[in-house]
Amino acid sequence: MYSLRLLRVILALGMLLTLAAAPSAAQDCDGDVIELEFMNWWGAAREPLMNEVIMHFEAENPCIRVINQVQPWDNRSELLATAAASSNPPSIIMTTRPETYQFAIQGLIIPIDAFVEDQGTDLNVFYAGEVGIQYWNGELYGLPMPTAGGLTSMFLYNKTMLREAGFDAENPPETWQEMQAMAEAITQGDALGIDVMGIQMHSSNLDEAFVSWLYTNGGRYVSDDARTLTFNSEAGIETLAWMLSFANDINGGIENERDFFQDTSFTEGDHPWYDNQLAFMPINTSVFGHYNNNDPDGYANADHWGVMLRPYNGDNPDGAHAGITGYGFSGGWAYTIPRAHPPEIQEAAYKFAEFIGVHPQGGCAFLFAQSRPAPVKECNENPAYYDANPHWGTVLEGLATDTPIPITPVQGQIAEVIRGHIEEAFFGMKSAADALNEAAAEGQAILDEFWAEFDADM
Amino acid sequence: MNATIARQHDESWRARFQEWWFRCRSWIGFLFILPWFAGFVIFDLMPFAYNLYLSFTDYQIGTQGAPPWIGLENYLEIFTKDKLFSKSMYNTVYYLGFSVPLRLIFAFLIALLLNMRVRGMELYRTLFYVPSVVPLVAATLIFAGLLNTRYGLFNHVFLLVGLPPVRWLSSPDWIKPSLIILSLWGFGAQMIIFLAGLQSIPSDLYEAVAIDGGGGLRRLRHITLPLMTPTIFFNLLIGVIGGFQIFAQVFVMVGVDGGPLGAGLVYMMHVYNKAFRDFEFGYAAALSVILFSIIFALTVALVYTSNRWVFYGDGAEDAA
């Protein structure tokens, strides 16, 4: 009887407290809670991490509620295009750099300079290259995300395989020539192609691989004003010719190279790297998290693997370690804000973008949990990174070599043209010089047409 | 007396209802097809008309208001500048030219076998139909594994019998044959239609051939094939229309670029890339109008020529 009374008293008190709290919360939010739809591709193991970030954000901003809309990777372009063009798009979206530019020029997303000023966001916390590539036509359209940097400047290498082949595992190759010598010694074939590969020269994006190597040979993709393609320079032709000879002489041709990686994925853990069948692999900064997830013992053994900077042409005095950022599909991601929403939603979306960009409990924590670098300098200075990633010093060194590439909204079409010609060269249908000259001519025509329309509109 | 009057009254009402029904029967027929017709207008005809309109505009994603009218510019660019138009069309026609006849022959031969009187035939029919209910993406992924150069079953069997391995998905020469092999997997639907056609052939016709001393080949040539021509024609038509629109299996197997040197870039993939990668919706609309025109023209041509080789049993073939 006594306990029943006590229970009633507790329930009554609870109801009173709830009633008392409700108006005060509403008062704080002026009666409204703003809902943000966050369209993103942070799936798999990253989704709970992002939910945690959202929880911290909502604790600091009780009047804003974020709905985490993780999207499937398949049909990504289609989903994004239809969502962005609709009259009711998500409040904040993840876009690649070419998409950011495309949407910017079509007026689908808003520049965020005014919010940056109003909120007092210090853009200097970012690496200059990271934030620099989010500007189009002098206006800032997004706060940078990871994967913009560290995309092409580094290689993973297998120290065990180097030792077995008689090389000094603590001194990875610095130049193309040293790397080629190692690749020749390590690569082994069988009846079905390559059984053990020394070096993975390129991913499926041949154009991106070419441009990455081009910068280690002192070449440039395009002029600083993004109006003239320059990749068919002497350095460019030398770079592609070297790539072709490497693919043909050491790996037995591009078909062999592609067969070696067919149906494998570093993310899924069935990649030749995990079976000690690949000695050198170009990486982007997402691999650390995936490596740790798929092979925690291997990842924890710093004597088994290392990180090195992308080798340069030792015969060229202008050659140097380099990486590129913001060139293509996989580089230069940003959080952008669609135009179709009222100002209060846009402002709330910016607050969220800023939180997941620069806040210690936002982007910093999210990226640290994946052992990958942030676009914010201070986040990467966290000493705990050195425990989480045994080669963290080299990672930072690699980020410092990144060069932002000037591009335009027609970058996707130009990249497609370059890819096609380079692939024809790999299949022996044309020389390196012909491939690059033809690609440059076609690409330049696309670029000229774009600039002519752009200048006419201005 | 009253009962008679009531009966006459009833009969008069019935007669009047029947007369009304007779007069209105065509309208009632239309009423029954109205749901389909409404669906056709809303979901087919109107989008088609809008697509046709878009093909004359420079409609890009985000275009505010009416898209700029550019007349035939998209079409001119397709026919004069677009290298991928001819390439994707060639790839599609190549695929079509091999996959449609092979699939027809394969489905027909299996249907012939499944039409025999053998114990447990129901089980065989089920087994042969099962592949057709496997989702296309799942089947494509299975084939991608089978065709893997290094670990796929096909190449390991080749090595066992002393043949050189084939680069099914990494060589530009083998992409299209790989897709054609994959197309044979889903023959079940055509097989079922063939089987239904075979079972509708009157058995007395076969008996007549047997009495005349004809064997199996004669029966096939003089009875089965002529009577199956309407079914063959139907499957051919559906095969051609479907073949032009091949997309999902290529998308899954070789990706949006169509594999090495774009050897697997089919027409629908080109349309998709223009719309959702380059965001040129007006241009993509023009490409799809061209595809529609080609399919329409081919269908008309097939229907027209069908009078010469399709036996409907009503003398229509004689008229031609």
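Presented here is a report on the structure given in the accompanying data block. (Residues numbered from 1 in each chain as written. Chains lettered and ligands numbered in written order. Predicted model: local features only at pLDDT ≥ 70, side-chain atom pairs only at ≥ 80, totals over all residues. Heavy atoms only, no water.)

Residues Val287, Phe288, Gly289, His290 and Tyr291 of chain A constitute the buried set of helix α12 (residues 287-294) of chain A. Where α12 of chain A is buried, its residues touch β7 (154-158), β10 (278-283), α13 (296-300), β11 (305-309) and α18 (392-400) of chain A. (Buried < 20%, exposed > 50% of the residue type's maximum accessible area, 1.4 Å probe, protein only. Helix = DSSP H or I, 4+ residues; strand = E, 2+ residues; numbered from the N terminus. Contact = heavy atoms within 4.5 Å.)

All names here are of chain A. Taken together, five strands build an open sheet; the order of strands is β8-β9-β10-β7-β11 and the sheet is mixed. Edge positions in the sheet fall to β8 (188-190) and β11, since each of these pairs with one other strand and no more. Within this sheet the neighbouring strands show an average axis-to-axis angle of 30°, counted without direction. Direction of pairing for β7 relative to β10: antiparallel, over a ladder of four bridges. Residue pairing for β10: Phe155 is matched across the bridge by Pro282. Strands in contact with helix α11 (residues 254-261) are β9 (193-199) and β10; relative to β9, the strand with the most contacts, it is inclined by about 90°. (Pairing = 2+ DSSP bridges. Axes fitted to C-alpha atoms, helices over the stretch in contact; angles between N-to-C directions.)

It is worth spelling out the pattern of salt bridges at this point. Counting across every chain of the model gives 20 salt bridges over all chains. Residue Glu99 of chain A pairs with Arg76 of chain A through a salt bridge whose shortest N-O separation is 2.8 Å. Linking Glu99 of chain A in helix α4 (residues 97-105) with Arg76 of chain A in helix α3 (residues 76-85), this pair joins segments that are 23 residues apart in sequence. Its salt-bridge partner being Glu280 of chain B, residue Lys274 of chain B comes within 3.9 Å of it at the nearest N-O pair. Here Lys274 of chain B and Glu280 of chain B have matching classes, each one buried. Because the salt bridges share partners, they merge into one network encompassing Asp207, Glu416 and Arg419 of chain A together with Asp257 and Arg277 of chain B. (Salt bridge = Lys/Arg side-chain N within 4 Å of Asp/Glu carboxyl O.)

Between chain B and chain A, the contact holds 34 residues from the first and 32 residues from the second. In total, about 2,700 Å² of surface goes out of reach between chain B and chain A, with carbon and sulfur atoms giving 50% of it. On the chain B side of the contact with chain A, Ile61, Arg150 and Leu261 of chain B bury the most area, a combined 26% of that side's loss. Counting the contacts that link chain B with chain A gives seven salt bridges. One salt bridge in this structure joins Arg277 of chain B and Glu416 of chain A, with 3.0 Å as the shortest N-O distance. (Buried area = accessible area lost by both parts, 1.4 Å probe.)

Looking now at a negative patch on the surface. Taken together, the side chains of Glu449, Glu453 and Asp457 of chain A together with Asp58, Glu73 and Glu77 of chain B make up a negatively charged region of the molecular surface. If you list the elements that add at least two residues to the negative patch, you get α20 (432-457) of chain A together with α2 (73-80) of chain B. Ranked by residue count, the leading element in the negative patch is α20 of chain A, at three residues. (Patch = residues over 30% accessible without salt bridge, like charges linked within 9 Å, V, L, I, M, F, W, Y side chains within 5 Å. Areas by Shrake-Rupley, 256 points an atom, 1.4 Å probe, with all protein chains shown as cover. Lys, Arg positive; Asp, Glu negative; His and termini not counted. Charge placed at Lys NZ, Arg CZ, Asp CG, Glu CD.)

Here we take up the pairing of β7 of chain A. Residue and element names in this part refer to chain A. Counting buried residues along β7, five of its five residues qualify, which places the element largely inside the surrounding structure. With burial as the criterion, each face of β7 is covered, one bearing Met154, Leu156 and Asn158 and the other bearing Phe155 and Tyr157. One ladder, built from five bridges, connects β7 with β11; its direction is antiparallel. The residue bridging Met154 from the neighbouring strand is Leu309, located in β11.

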